[in-house]
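Descriptive analysis of the structure
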Amino acid sequence: MTSYADITENTVRVKPYLSIVVPVYNEAGNLENLYSRLTQALDAYGKPYEIILINDGSRDATEAMLNELYARRPQQLRIVHFNGNFGQHMAIMAGFERVRGDIIVTLDADLQNPPEEIPKLVQAMEAGHDYVGSIRKHRQDTWFRRHASRINNAIRARITGIVMTDQGCMLRAYSRAIIDAVVASKESSIYIPALAYSYAINPTEIEVEHSLRAAGESKYNLYRLLRLNFDLMTGFSLVPLQVFTVFGILVSLLSTLFVVYLMIRRVFVGPEAEGIFTLFAILYFVLGLALMGLGVAGEYIGRIYNEVRQRPFFIVRKVIE
C-alpha cells in the first residue's frame, strides 16, 4: 500500500499533471472542509497534482489558516498572498502565472461546486478537448441570481458570439496552451472563461453538481455583477458602440423628418403653442439616449486608460512554496 510519504516524495520528483487554482477571499469558515474534500478527491484520482491557493487580501483568519494548511502538505500546496483585494479574476491570473501542470482547473473556495466533480472535467480534457466549461445542475442560488444569469447569458451570447451556457460557474478545466495564451494577453480587465473560450479549438461543456454555500456569504453583489458584465461586453465586442451609432443615425433621420413636418405645418396652419410637451418628451428621450451612449463610450475609454498607464494588476506580498 502506498503511504503518504511515498506520494509526497513522488510529487517532488514528478511534474504535476493537474494544477488546481483556488482564489480565496474571507473563506476561513470553508477552508478546512475545502482542504479535506479537495485532497481526498485528488488523491483518489491518482495523478500528480498541485493546489495553488491565492489569498485575495482576506480580512478574517484566512491567511493564518492557509499557512497552516501548507504546513500539512508542502509538496502539493502553494500559497500566494496578495497585499490587497484585487478581485477573483486577478487572483486566478496570479495562479495561472505559477501553474506547472498540463491540465489546469479553477475552483471556488465556497464549495458550491464540489471538488469531487473535478475528475469529470479531467476526463473530458483527456478525451481531446482543450477547454471544458461546466453547467450547474440543480443550481442552489436565489431566484434573482438564477434568472439574472439567464438574461446575462442571452445578452452576452448575442453581443460577443461567445456561447457559454453557464458563464458564472468557475469550475472549469483548461489545457496548458490555453493558459499560456491567457497569461500572455496581459489585459487589465479580463473575464477569464470568455477569453479562454475565444482561444479554444475544441471546447465543450458538461453538467456538474451544485451545492448550497456551507459558510460565509457570496462576494458578488449587484454592483460587482454589473461590473463583470461591462467588462465582458466591452472586452470582447464593439457591438455596444455600434448599437448606439445606429440609434444615433435613426434619431437624426427622425429628427430631420420631424423638423420638415413642423416647417410644413407652420406654413399651412400657422404658428401655434400646442405640442410643447411632446417636444419636451422627445428632447428628454434624445438626451437620455446620448447620455447612455456617452457612458458606453466611457467604458471603452476607461479600458484604454487602464491599459496605457501600465500599473500592476495585482501585487503579491508573499509566496509560500
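Things to note about helix H5 (residues 118–126)
If you check which residues of H5 are buried, you get Ile 118, Pro 119, Leu 121, Val 122, Ala 124 and Met 125. Lining the buried residues of H5 we find strand E1 (18–24), helix H2 (28–45), strand E4 (103–106), strand E5 (131–137), strand E6 (172–175) and strand E7 (203–209). At the exit of H5 stands Gly 128, carrying a positive phi of roughly 120°.

Things to note about the confidence of the model for the protein
Here the protein averages 81 in pLDDT, and 79% of its residues register 70 or above. Element-level pLDDT for the protein is lowest in helix H1 (residues 4–13), with a mean of 44, against a maximum mean of 97 in strand E2 (residues 49–55). Across residues 1–12, confidence stays below pLDDT 50; counting only partners more than four residues off in sequence or on other chains, it has 11 contacts.

Remarks on the packing of aromatic side chains
This model, assessed by the stated rule, comprises five aromatic pairs. Between the aromatic rings of Phe 82 and Phe 86, the centroid separation amounts to 5.5 Å while the plane-to-plane angle is 85°, which identifies the pairing as edge-to-face. For Phe 86, a relative accessible area of 29% translates into the label partly exposed. Relative to Tyr 197, the ring of Tyr 131 has its centre 5.8 Å away and its plane inclined at 85°; by these criteria the two rings are edge-to-face. Taken together, the residues Tyr 131 in strand E5 and Tyr 197 in helix H8 (residues 192–199) connect sequence positions 66 residues apart. Through a chain of ring-to-ring contacts, three or more aromatic side chains come together here, namely Phe 96, Tyr 131, Tyr 174 and Tyr 197.

Structural notes on the pairing of E1
Summarising burial for E1: seven of the seven residues are buried, a large majority. Across the two faces of E1 the burial is the same, with Leu 18, Ile 20, Val 22 and Val 24 and Ser 19, Val 21 and Pro 23 all buried. When E1 meets E2, the two strands line up parallel, connected through seven bridges. Within E2, the position partnered with Pro 23 by the bridge is Ile 54.

What to know about the sheet that holds E7
The mixed open sheet is built from eight strands, whose spatial order is E7-E5-E6-E4-E1-E2-E3-E8. A single partner strand is all that each edge strand has here, and the edge strands are E7 and strand E8 (316–320). Neighbour-to-neighbour, the strand axes of the sheet open up by a mean angle of 20°, direction not taken into account. Pairing of E2 with strand E3 (residues 77–82) involves five bridges; the strand directions are parallel. Bridged to Ile 51 within E3 is Leu 77. The sheet strands contacting helix H3 (residues 62–72) are E1, E2, E3 and E8, and the helix crosses E3 at an angle near 155°.

A closer look at empty space enclosed by the protein
Per the stated rule, a full pass over the model turns up one cavity of 30 Å³ or more. Empty space within the largest cavity amounts to approximately 50 Å³. In terms of lining, the largest cavity is formed by Leu 31, Leu 34, Tyr 35, Leu 38, Ile 51, Leu 53, Leu 69 and Leu 77. It is H2 that provides the largest number of residues to the lining of the largest cavity, a total of four residues. Here the residues of the lining of the largest cavity are counted per class, giving eight nonpolar, no polar and no charged.

Conventions adopted
- Residue positions are given per chain, counting from 1 as you read along its sequence in written order.
- Whole-chain, interface and lining totals are the exception, using all residues; otherwise, since this is a predicted model, local features are given only for residues with pLDDT of at least 70 and side-chain atom pairs are given and counted only at 80 or more.
- By convention in this description, side-chain values take in all heavy atoms of the structure and omit both hydrogens and water.
- Note on classification: 1.4 Å probe, protein chains only; a residue is buried when its accessible area is under 20% of the maximum for its type, exposed when over 50%, partly exposed between these limits.
- By definition, any uninterrupted DSSP run of H or I lasting at least four residues is a helix, any uninterrupted run of E lasting at least two residues is a strand, and each is numbered from the N terminus.
- Between two residues, a contact is recorded if the distance between any of their heavy atoms is within 4.5 Å.
- You can read pLDDT as the predictor saying how much it trusts each residue, on a scale of 0 to 100.
- Stacked, edge-to-face and tilted are the three classes for Phe, Tyr and Trp ring pairs, Trp counted by its six-membered ring, which pair at centre distances within 6.5 Å; planes under 30 degrees apart are stacked, over 60 edge-to-face, the rest tilted.
- What makes two strands pair is DSSP finding at least two bridges between them.
- Helix axes use the C-alpha atoms of the stretch in contact, all axes being lines fitted to C-alpha atoms, and the angles between their N-to-C directions lie in the range 0 to 180 degrees.
- Method remark: on a 1 Å grid restricted to protein atoms, a set of points is classed as a cavity if a 1.4 Å probe fits but cannot get out and as a pocket if it is open with protein on both sides within 12 Å along at least five of seven lines; lining residues have an atom within 4 Å of a point.
- Grid points are joined across faces, edges and corners, and a volume is the space filled by probe spheres set on the points.
- Under the scheme applied, nonpolar residues are Ala, Val, Leu, Ile, Met, Phe, Trp, Tyr, Cys and Pro; charged residues are Asp, Glu, Lys and Arg; polar residues are all the others, including Gly.

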